[in-house]
Amino acid sequence: MKINPAVSEKRKAGRPTVDRRDEILDAAEQLYDAMGFEKVTVTDVARVLGMSPANLYRSFANRQAIDEAVTKRTLATVEDAAWQVARTAAADPIAAFRQLCSDIALKMSDILFRSGRASDLCLAATRGHWPPVRDFTDTLHGVIRHVIAEGQRQGVMRADLPLEQTSATVVSAMVKVWHPVMLDTFGVADLESETAALTRLVLNALQSEK
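All of these numbers come straight from a predicted model, not from anything done at the bench.

**Section: the packing of aromatic side chains**
For step 1, the next point in the chain: Scanning the entire structure with this criterion turns up one aromatic pair.
For step 2, the next point in the chain: Cation over ring: lysine 176 sits above phenylalanine 186, and NZ or CZ is 5.0 Å from the ring centre.

**A few points about the pattern of salt bridges**
For step 1, the next point in the chain: For the structure on display, the rule yields eleven salt bridges.
For step 2, the next point in the chain: We note a salt bridge from glutamate 29 to arginine 73, for which the minimum N-O separation is 2.4 Å. Placement of glutamate 29 in helix H2 (residues 21–35) and of arginine 73 in helix H5 (residues 63–86) is noted, with a sequence separation of 44 residues between them.
For step 3, the next point in the chain: By relative accessible area, glutamate 29 is classed as buried at 18%.
For step 4, the next point in the chain: Judged by relative accessible area, which is 27%, arginine 73 ranks as partly exposed.
For step 5, the next point in the chain: Here arginine 47 ties to aspartate 44 by a salt bridge, and the two come within 3.1 Å at their closest N and O atoms. Residue arginine 47 and its partner aspartate 44 are located together in helix H3 (residues 42–49), separated by three residues, close to a single helical turn.
For step 6, the next point in the chain: A residue is classified by how much of its surface remains accessible, and arginine 47, at 55% relative accessible area, is exposed.
For step 7, the next point in the chain: A residue is classified by how much of its surface remains accessible, and aspartate 44, at 15% relative accessible area, is buried.
For step 8, the next point in the chain: Connected via shared salt-bridge partners are Asp22, Asp26, Glu29 and Arg73.

**A short note on helix H12 (residues 191–206)**
In an α-helix, one full turn covers 3.6 residues, which means residues spaced three or four apart are oriented alike.
For step 1, the next point in the chain: Between its first and last C-alpha, H12 extends 22 Å over 16 residues, near the 22 Å set by a 1.5 Å rise per residue.
For step 2, the next point in the chain: Among the residues of H12, Leu191, Thr195, Leu198, Thr199, Val202, Leu203 and Leu206 are the ones counted as buried. All buried residues of H12 fall inside an arc of 135° around its axis, so they share one side. When the buried face of H12 is taken as reference, the exposed residues oriented beyond 90 degrees from it are Arg200, Leu201 and Asn204.
For step 3, the next point in the chain: In this structure, the buried residues of H12 make contact with helix H6 (93–113), helix H8 (131–154), helix H9 (163–173), helix H10 (175–178) and helix H11 (180–186).

**Notes on the nonpolar core**
For step 1, the next point in the chain: Val45, Ile66, Phe97 and Trp178 are the most contacted members of the largest nonpolar core, which totals 61 residues.
For step 2, the next point in the chain: The leading source of residues in this core is H6, at ten residues.

**Some points on the side chain of aspartate 44**
For step 1, the next point in the chain: Of note is the side chain of aspartate 44, whose polar atom sits 2.9 Å from the backbone nitrogen of threonine 41.
For step 2, the next point in the chain: For aspartate 44, the residues in contact, after removing those within four places along its chain, are Leu31, Met35 and Lys39.

**A short note on unusual backbone geometry**
For step 1, the next point in the chain: Phi at histidine 129 is positive, roughly 50°, even though this residue is not glycine.
For step 2, the next point in the chain: On the basis of relative accessible area, histidine 129 is assigned to the exposed category, the value being 53%.

**Brief notes about the environment of isoleucine 24**
For step 1, the next point in the chain: Following the sequence through the fold, isoleucine 24 ends up in helix H2.
For step 2, the next point in the chain: Considering only alpha carbons, one finds isoleucine 24 and valine 70, 46 residues apart in sequence, at a separation of 9.5 Å.
For step 3, the next point in the chain: If near-sequence neighbours (up to four positions away) are discounted, isoleucine 24 is found in contact with Val45, Leu49, Met51, Leu56, Ser59, Phe60 and Ile66.

Calculation criteria
- Residues numbered from 1 in each chain as written.
- Predicted model: local features only at pLDDT ≥ 70, side-chain atom pairs only at ≥ 80, totals over all residues.
- Heavy atoms only, no water.
- Phe/Tyr/Trp six-rings, centres within 6.5 Å; stacked < 30°, edge-to-face > 60°.
- Lys NZ or Arg CZ within 6 Å of the ring centre and 35° of its normal.
- Salt bridge = Lys/Arg side-chain N within 4 Å of Asp/Glu carboxyl O.
- Helix = DSSP H or I, 4+ residues; strand = E, 2+ residues; numbered from the N terminus.
- Buried < 20%, exposed > 50% of the residue type's maximum accessible area, 1.4 Å probe, protein only.
- Expected span 1.5 Å × (residues − 1).
- Arc of directions from axis to C-beta.
- Contact = heavy atoms within 4.5 Å.
- Core = buried A, V, L, I, M, F, W, Y, C linked by side-chain atoms within 4.5 Å.
- Polar contact = N/O pair within 3.5 Å; in protein donor to acceptor, adjacent residues only side chain to side chain.

Below, the structure written as structure tokens:
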């Protein structure tokens, strides 16, 4: 098993104490991909960094904290991309909604299936309702709410629909193509067409009559 040399470089004697959280997460991710996250121990992560488990615990209280931090960092890439699309809603809310639904589905599929081993952590976090997953769901709700609010403001989406309830309903409707467990269960062979069909259905309910 090969680990990035930059990750495994040992600290030189006398080097001042620094925040090594990102190094630890990088090493953990590489080990999870190589071995499967359930087989990796804190000692394994510490070893590739040339540090003791005791020193690693100065950055993370326990193994669960490492797993949650890896999950949070991974999901943050989807959140950042989603907000980038959502901010284009001022120009065209309908186009932004379509792209948002598609981008989230494709990025979640990439996270889940980029490595058979890496997917184990994603699924465990989702099934366990870990805090980063709950926060991620809240973020998706906020992103969708932002786009719908802009659509209502411009008159291209129905203003009679309650914003909070409608946003939550949209997230629930997109679960089939956004949720890791659903993607793992049903596969992603038809993901793009299924996402497009669901998006059309939801938009038909959201759009104002012309």
